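In case you want the letters, here they are:
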Amino acid sequence: FCLVCSVVAQSGDSESFYTVDPFNTPELNQDFADFVNLLPVDTVLDIVDDHYENNAGINKTLNYLKTNKFAKHWDNLFSLREVHNFVVYLNESGLNIFGVLNEFAEYFELTPVGFVLVEDAPEEKIEYTWGFNALVNDVIDVLPKDDLKALFDQKVANGEDFANFVECFSTSEFKEVLKKLELSPVAQKLFKRFRKHGLDVHKLVQLALAVFGLN
């Protein structure tokens, strides 16, 4: 989510949005760079520019990210114990999730992530197909899926750090952390609010998987 927003938010800018590495070790950052090198970057950037210019939902979403309403939703999301545990697990798996989130927070003048448990009521899940979802669909369509999957299989077989990173997402511990997040009424309510503004978490997960040839 943060990376996608960053690319669109800085559309047309020459300066990079993120100055932090996406992973916590040089080996994993190099592995990720190998996947990025397979991506049709120019084509993806053309798609981003096209959506930025012609997709009204994109600008609506970007404007939402700058509102007090989103700032409140952001604070509520990261006050949840389930979200805290999920983020901590991602960080321990090798993702520099705190660095990415806090740089995103700084860019949009949001509160750095904090963790105070609150409760709320559940709401139904809704999926939207405009705004960022349309952008994500178009980007996924141009990814070299076979090449990415081949690289993924190669790194799982031959790269110790990458194989360990992937293994983190098939453990019972991860499944338990994810289950608690999925069952959190407050988290699901916030995810629904995000979707109403064009930020579909499930669609962004699909994009992340697609970058590794898994979608």
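Here the structure is a predicted model, which is why all the values come from computation and not from measurement.

**Overview of the overall build of the protein chain**
In terms of helices and strands, the protein chain carries 13 helices and zero strands. Listed by position from the N terminus, the elements making up the protein chain come as α-α-α-α-α-α-α-α-α-α-α-α-α. In the protein chain, which comprises 215 residues, the proportion classed as buried is 43%. When contacts within the protein chain are restricted to residue pairs at least 6 apart in sequence, long-range pairs at least 24 apart make up 81% of them. Split by element, the accessible area of the protein chain, about 11,400 Å² in all, is 52% carbon and sulfur.

**Describing the packing of aromatic side chains**
Using the criterion set out here, one finds 19 aromatic pairs in the structure. When the centroid spacing of 5.2 Å and the interplanar angle of 70° are considered together, the rings of Tyr64 and Phe70 count as edge-to-face. Assessed through its relative accessible area of 3%, Tyr64 is described here as buried. Phe70 gets classed as buried once you look at its relative accessible area, which sits at 0%. Ring geometry for Phe104 and Phe108: centres 4.8 Å apart, planes at 45°, overall tilted. Judged on exposure class, the residue Phe104 and its partner Phe108 are both buried.

**What to know about helix α13 (residues 201–211)**
Taken residue by residue, α13 has Lys203, Leu204, Leu207, Ala210 and Val211 as its buried positions. The arc that holds every buried residue of α13, seen down its axis, measures 115°, which confines them to one face. Regarding α13, its N-cap is Asp200, as a side-chain oxygen of that residue lies 3.0 Å from the backbone nitrogen of His202 further along. Once α13 finishes, Gly213 follows within two positions and takes phi at roughly 75°, a positive value.

**Details of the environment of Thr67**
Structurally, Thr67 is set in the loop between α4 (56–65) and α5 (68–77). The partly exposed category is assigned to Thr67, whose relative accessible area is 30%. Along the chain, Thr67 and Leu110 lie 43 residues apart, while their C-alpha atoms are 9.9 Å from each other. Within the local environment of Thr67, its side chain forms a polar contact with the backbone oxygen of Tyr64, the two atoms lying 2.7 Å apart.

**Some remarks on the environment of Gln188**
Mapped onto the elements, Gln188 comes out in helix α12 (residues 185–196). For Gln188 and Leu77, which are 111 residues apart along the polypeptide, the C-alpha to C-alpha distance reads 9.4 Å. Setting aside residues no more than four positions away along its own chain, Gln188 makes contact with Leu181, Glu182 and Arg195.

**A few points about the confidence of the model for the protein chain**
On average, residues of the protein chain carry a pLDDT of 83, and 83% of them reach 70 or more. The lowest-confidence element of the protein chain is helix α1 (residues 2–9), averaging 54 in pLDDT; the highest-confidence one is helix α9 (residues 145–158), averaging 94. Between residues 114–129, whose pLDDT stays under 50, and residues either more than four places distant or in other chains, the model counts 39 contacts.

**Some details on a nonpolar patch on the surface**
On the surface, Val205, Leu209 and Leu214 cluster together into a nonpolar patch covering about 220 Å² of accessible area. Note on placement: Leu209 falls in helix α13.

Criteria and thresholds
- Residues numbered from 1 in each chain as written.
- Predicted model: local features only at pLDDT ≥ 70, side-chain atom pairs only at ≥ 80, totals over all residues.
- Heavy atoms only, no water.
- Helix = DSSP H or I, 4+ residues; strand = E, 2+ residues; numbered from the N terminus.
- Buried < 20%, exposed > 50% of the residue type's maximum accessible area, 1.4 Å probe, protein only.
- Contact = heavy atoms within 4.5 Å.
- Areas by Shrake-Rupley, 256 points an atom, 1.4 Å probe, with all protein chains shown as cover.
- Phe/Tyr/Trp six-rings, centres within 6.5 Å; stacked < 30°, edge-to-face > 60°.
- Arc of directions from axis to C-beta.
- Polar contact = N/O pair within 3.5 Å; in protein donor to acceptor, adjacent residues only side chain to side chain.
- pLDDT = per-residue confidence, 0-100.
- Patch = residues over 30% accessible without salt bridge, like charges linked within 9 Å, V, L, I, M, F, W, Y side chains within 5 Å.
- Salt bridge = Lys/Arg side-chain N within 4 Å of Asp/Glu carboxyl O.

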